[in-house]
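# Remarks on the overall topology
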Amino acid sequence: MPVDLSDESRYDRARLRQWARGRARSAGVDRRDLLRLFAAGAAAGALTAGASGPAGAASAHGAPDAAAPGPGSGPARAAAPVAPPGIVKPLPPELFTVRGTNAETNFAALRGTGPLTPVDRFFVRNHTTTPRVEAAGWRLNVWGDGLAAGPVEFSYDRLRSLPAVERTLFIECAGNGRSFYTTQQGQQVTGTAWTLGAIGSARWRGARLSDVLRRAGVTRAAVDVLPRGLDDEVVANGVNLGRVRRPLPVSKALDDVILAYEMNGGPLPPDHGGPVRVVVPDWIGISSIKWVGDIEVSAQPLYSPWNTDLYRLFGPDQPAEGSAPLTRQTLKSAFELELGASVPVHRTRLLTGRSWSGAAPVHRVEVSTDGGARWQRARLHDAPRRGGWVRWSLPWTPRTTGAAALLARATDAGGRTQPATAAYNTQGYLFDAVVRHPVTVV
Ligand SMILES: Nc1nc2c(c(=O)[nH]1)N[C@H]1C(S)=C(S)[C@@H](COP(=O)(O)O)O[C@H]1N2
Ligand SMILES: [Mo]
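The model shown is predicted, which means the values in this text are computed figures rather than measured ones.

Moving on to the pattern of salt bridges. Taken as a whole and assessed by the stated rule, the structure comprises 17 salt bridges. A salt bridge links Arg364 to Glu366; its shortest N-O distance comes to 3.9 Å. Here Arg364 falls in the partly exposed class, since its relative accessible area comes to 27%. For Asp382, the salt bridge goes to Arg391, with nearest N and O atoms at 2.8 Å. Given the relative accessible area of 16%, Asp382 is considered buried. Sharing partners across several salt bridges, the network here consists of Glu166, Arg203 and Arg205.

Structural data, given as structure tokens:
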């Protein structure tokens with residue numbers, strides 16, 4: 001009997017059962033390879049986080065988040081010169097902190113910018129390197145047994161001739177805030193040691209994925225949609241994972257997903273997936289495949305490393321095969337201030353920051369300047385909006401010198417408030433706890 005997969009949680013449970021029985025296709029990767037990879041990643045789990053503090057440059061390997069460093073890497077490799085990442089745009093140290101193949105936005109550099117993150121300071125998360133793909137030669141190949149007929153190709157011009165949609169949406173890495181599992185909760189986790197800058201908000205313009213799928217002849221038998229990037233294949237621990245790709249349930253694909261060709265009013269830049277990327281509102285960053293080259297539409301459930309061994313929750317409170325694949329982003333707040341900044345005593349300064357949630361608009365932000373004893377409502381500078389962040393501010397006059405901790409705590413319209421502690425998982429995803437932002441009053 002066919003299963004109705006329109007509901008996300010039922011979809012995930014059904015996929016888990018099929019995966020456990022070995023029936024689902026792993027979309028190009030041998031299932032034993034995945035299990036081997038995960039076993040190796042779990043064994044070497046402590047290496048990455050141990051070698052890299054919040055400002056650590058240790059994650060110099062370009063592997064996916066859960067991949068363990070190979071022999072000769074890890075702590076020893078952190079001392080070696082860090083290879084420049086394969087990112088095209090300039091990465092001045094006042095705007096970015098380079099972490100392996102990735103570049104984290106320095107939150108202090110967002111102070112004074114509007115709701116949109118300028119491209120010159122939008123974070124970059126690359127599994128390998130930014131490829132150069134020209135719009136003129138680019139084709140999107142839509143194929144698979146979930147279509148009524150053979151493959152359908154879309155050129156850049158054909159995509160641009162479809163009705164255009166424009167939305168302001170953030171893209172945030174599932175591992176954003178990961179380093180605080182270690183520095184704040186004392187827990188070892190694998191993956192890039194982001195602080196809070198693996199997020200950016202932009203105005204995306206593009207075609208609806210649903211329009212493309214309908215024109216390609218998607219049928220009612222389709223269950224999964226698998227966009228794949230044109231960047232290099234990812235090799236981790238000697239296992240070739242193939243090109244970056246992560247299945248989306250057809251229900252989400254037909255709902256609000258965009259094939260974006262513009263970012264903040266200009267052509268999509270190379271580092272952010274130009275000429276065309278997927279933008280999946282509210283969902284973790286890995287869903288938003290850059291440099292998309294083809295999309296498989298499948299009547300069978302699909303798997304890739306990015307929805308099996310990666311981007312699920314693993315840990316003591318989770319099933320052995322991990323949680324259901326992660327979908328929505330969580331709730332966070334960040335000050336537009338360097339971690340460890342020096343601030344002069346008795347001088348009033350305007351603390352500014354941003355809060356966001358993948359579940360509902362953020363409508364309340366409280367700030368504490370005394371380590372969490374007393375909380376004050378911050379003033380919001382943006383109307384709460386789904387898929388966006390709110391800027392906020394609060395004046396502060398420090399009265400005593402020495403170390404202090406600034407805290408910001410967001411509440412969204414769904415009733416979620418940032419907790420004091422985030423739920424541990426081995427790969428450090430979905431950190432949502434209130435961050436203690438260290439400053440020194442001088
Ligand atoms: N093809 C491809 N798409 C990709 C990635 C990648 O390495 N290759 N990284 C993903 C991850 S993990 C994130 S968080 C976002 C980051 O988007 P950005 O680099 O534009 O900020 O892109 C996603 N899409
Ligand atoms: Mo990510």
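That was the structure; now back to the text.
Another aspect to go through is the nonpolar core. Counting residues in each nonpolar core, the largest one holds 45 residues, and the members touching the most others are Leu140, Val142, Leu159 and Leu259. If we skip the residues at most four places from it in the chain, Leu159 touches Trp138, Ala207, Val212, Leu259, Tyr261 and Val276. Ala341, Val365, Leu394 and Ala410 belong to the second largest nonpolar core, which has 19 residues in total.

What follows is about the sheet that holds strand S17 (residues 349–357). Taken in spatial order, the four strands make up an open sheet running S15-S17-S21-S20, and their pairing is antiparallel. The open sheet has two edge strands, strand S15 (331–335) and strand S20 (379–380), and neither has a second partner.

On to the confidence of the model for the protein chain. Should the pLDDT be low somewhere, the predicted coordinates at that spot are not to be read in detail. Averaged over all residues, the pLDDT of the protein chain is 86; the fraction at 70 or higher stands at 81%. Of the regions scoring below 50 in pLDDT, residues 1–24 engages in 38 contacts with residues more than four places distant in sequence or in other chains. Here residues 26–81 is modelled with pLDDT under 50, and outside its nearest four sequence neighbours on either side it reaches 107 contacts, counting other chains as well.

A word on the site of ligand 1. Not every one of the 20 residues close to ligand 1 is listed here, only the nearest: Phe123, His127, Asp231, Arg277 and Lys290. His272 places a side-chain nitrogen or oxygen 2.8 Å from an oxygen atom of ligand 1. Measuring from an oxygen atom of ligand 1, one finds a side-chain N or O atom of Lys290 at 2.5 Å. With the chains in place, 100% of the 540 Å² that ligand 1 exposes on its own is no longer accessible. In a pocket analysis with a 2 Å cut-off to the grid points, ligand 1 is assigned to the largest cavity.

The rules behind the values
- Residues numbered from 1 in each chain as written.
- Chains lettered and ligands numbered in written order.
- Predicted model: local features only at pLDDT ≥ 70, side-chain atom pairs only at ≥ 80, totals over all residues.
- Heavy atoms only, no water.
- Salt bridge = Lys/Arg side-chain N within 4 Å of Asp/Glu carboxyl O.
- Buried < 20%, exposed > 50% of the residue type's maximum accessible area, 1.4 Å probe, protein only.
- Core = buried A, V, L, I, M, F, W, Y, C linked by side-chain atoms within 4.5 Å.
- Contact = heavy atoms within 4.5 Å.
- Pairing = 2+ DSSP bridges.
- Helix = DSSP H or I, 4+ residues; strand = E, 2+ residues; numbered from the N terminus.
- pLDDT = per-residue confidence, 0-100.
- Near = heavy atom within 4 Å.
- Polar contact = N/O pair within 3.5 Å; in protein donor to acceptor, adjacent residues only side chain to side chain.
- Areas by Shrake-Rupley, 256 points an atom, 1.4 Å probe, with all protein chains shown as cover.
- 1 Å grid on protein atoms, 1.4 Å probe; cavity = no way out; pocket = protein on both sides within 12 Å on 5 of 7 lines; lining within 4 Å.
- Sits in = over half its atoms within 2 Å of the grid points.

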